[in-house]
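Descriptive structure summary
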Amino acid sequence: MDQPMHRFHALFAQLGLPSDELGIRQFITQDASLAPDVKLDDAAFWTPAQATFLREALVQDADWAEQVDQLNEALHGQESK
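Let me sum up the structure you'll find in this document. Here the structure is a predicted model, which is why all the values come from computation and not from measurement.

So, helix α3 (residues 48-59)
- With 12 residues, α3 should reach 16 Å at 1.5 Å per residue; the first-to-last C-alpha distance of 16 Å fits that figure.
- Restricting attention to buried positions, one finds in α3 the residues Gln50, Ala51, Phe53, Leu54 and Ala57. All buried residues of α3 fall inside an arc of 160° around its axis, so they share one side. Residues Pro48, Ala49 and Val59 are exposed on α3 and point more than 90 degrees away from its buried face.
- Where α3 is buried, its residues contact α1 (8-14) and α4 (65-75).
- Residue Asp61 follows α3 closely and has a positive phi angle near 45°.

Structure follows, in structure tokens:
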């Protein structure tokens, strides 16, 4: 199995968010959860630049796509599977 190009905490750093374990956990559990019908890049808490980055990572199947998928699942409480 190939190793991912980037680690999950690096995605948070790329998005300008706290990228330590506590900061990631807090963001996912307290600050940002999504209803099942809300697309990741449509969430109200992203800046326009963050939303564009997330959208393009998925559309272009970029190096970040795996971590963006992981973030999507985490924010949807695993309901997006």
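A word on the side chain of Asp41
- Tracing the chain through its elements places Asp41 in the loop between α2 (21-31) and α3.
- A distance of 2.7 Å separates the side chain of Asp41 from the side chain of Arg55, its partner in a polar contact.

The rules behind the values
- Residues numbered from 1 in each chain as written.
- Predicted model: local features only at pLDDT ≥ 70, side-chain atom pairs only at ≥ 80, totals over all residues.
- Heavy atoms only, no water.
- Helix = DSSP H or I, 4+ residues; strand = E, 2+ residues; numbered from the N terminus.
- Expected span 1.5 Å × (residues − 1).
- Buried < 20%, exposed > 50% of the residue type's maximum accessible area, 1.4 Å probe, protein only.
- Arc of directions from axis to C-beta.
- Contact = heavy atoms within 4.5 Å.
- Polar contact = N/O pair within 3.5 Å; in protein donor to acceptor, adjacent residues only side chain to side chain.

Geometric descriptors of this kind do not, in isolation, establish any biological role.
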